[in-house]
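For reference, the chains in residue letters:
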Amino acid sequence: MRRLAALLIMAAAGWVLVRTTGQFIGLTELGDMDKLLPLAANPDFVVPVIGGLFGLAGGVIVLLGGVGGAMLAMVGGVVAPGFAIYLAK
């Protein structure tokens, strides 16, 4: 059951990353650093990417049996979007 939950966490976090990068730069231009670096100052791009990366890292830790993975995934999945909502106000 733990492995299934870890895979679901990783799939959701990957979907967030693909959706965010696809919205801002397109999926075909991911290797183009000239388009990626100016987005580093845009919180609408950075916060979901941070949440997705935390979710992926937490999912991998849970999948491998680590104890801190669920906490890391929750930080990525709950705190980062909450911070994005707070910035929108």
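The preceding data block contains the structure.
Peer 1: What is the right way to look at the packing of helix α1 (residues 2-24) against helix α3 (residues 43-63) in this model?
Peer 2: When two helices pack together, their arrangement is given by the angle between the helix axes and the distance between those axes. Axis separation between α1 and α3 bottoms out at 8 Å; the angle between their running directions is 160°. With respect to each other, α1 and α3 are oriented roughly antiparallel. Between α1 and α3 the crossing geometry is left-handed. For the contact of α1 with α3, the per-class residue count stands at 16 nonpolar, six polar and three charged.

Peer 1: How should I be thinking about the nonpolar core in this particular structure?
Peer 2: Judged by nonpolar contacts, Leu17, Ile25, Leu39, Phe45 and Val49 together constitute the single largest core of five residues. The residues touching Val49, leaving out its near neighbours within four places in the chain, are Leu17 and Thr20.

Peer 1: Can you walk me through a nonpolar patch on the surface in this structure?
Peer 2: Where nonpolar side chains cluster on the molecular surface, the patch consists of Met1, Leu4 and Leu8 and spans about 400 Å² of accessible area. For Met1, the location among the structural elements is in the segment before α1. Since its relative accessible area comes to 82%, Met1 is described here as exposed.

Peer 1: Mind showing me how you'd approach α1 here?
Peer 2: Working note: α-helix, 3.6 residues per turn, so residues spaced by three or four point in the same direction. Given a rise of 1.5 Å per residue, 23 residues ought to cover 33 Å, and the 33 Å separating the end C-alpha atoms of α1 matches this to within 8%. Of the positions making up α1, those classed as buried are Ala6, Ala13, Leu17, Thr20 and Thr21. Where the residues of α1 are buried, they touch α3. Just downstream of α1 lies Gly26, where phi reads positive at about 90°.

What counts and what doesn't
- Residues numbered from 1 in each chain as written.
- Predicted model: local features only at pLDDT ≥ 70, side-chain atom pairs only at ≥ 80, totals over all residues.
- Heavy atoms only, no water.
- Axes fitted to C-alpha atoms, helices over the stretch in contact; angles between N-to-C directions.
- Helix = DSSP H or I, 4+ residues; strand = E, 2+ residues; numbered from the N terminus.
- Parallel < 35°, antiparallel > 145°, perpendicular 65-115°, else oblique.
- Left-handed = near helix turned anticlockwise from the far one by under 90°.
- Nonpolar A, V, L, I, M, F, W, Y, C, P; charged D, E, K, R; others polar.
- Core = buried A, V, L, I, M, F, W, Y, C linked by side-chain atoms within 4.5 Å.
- Buried < 20%, exposed > 50% of the residue type's maximum accessible area, 1.4 Å probe, protein only.
- Contact = heavy atoms within 4.5 Å.
- Patch = residues over 30% accessible without salt bridge, like charges linked within 9 Å, V, L, I, M, F, W, Y side chains within 5 Å.
- Areas by Shrake-Rupley, 256 points an atom, 1.4 Å probe, with all protein chains shown as cover.
- Salt bridge = Lys/Arg side-chain N within 4 Å of Asp/Glu carboxyl O.
- Expected span 1.5 Å × (residues − 1).

So, to be careful, I would describe these as geometric facts and stop short of saying anything about function.
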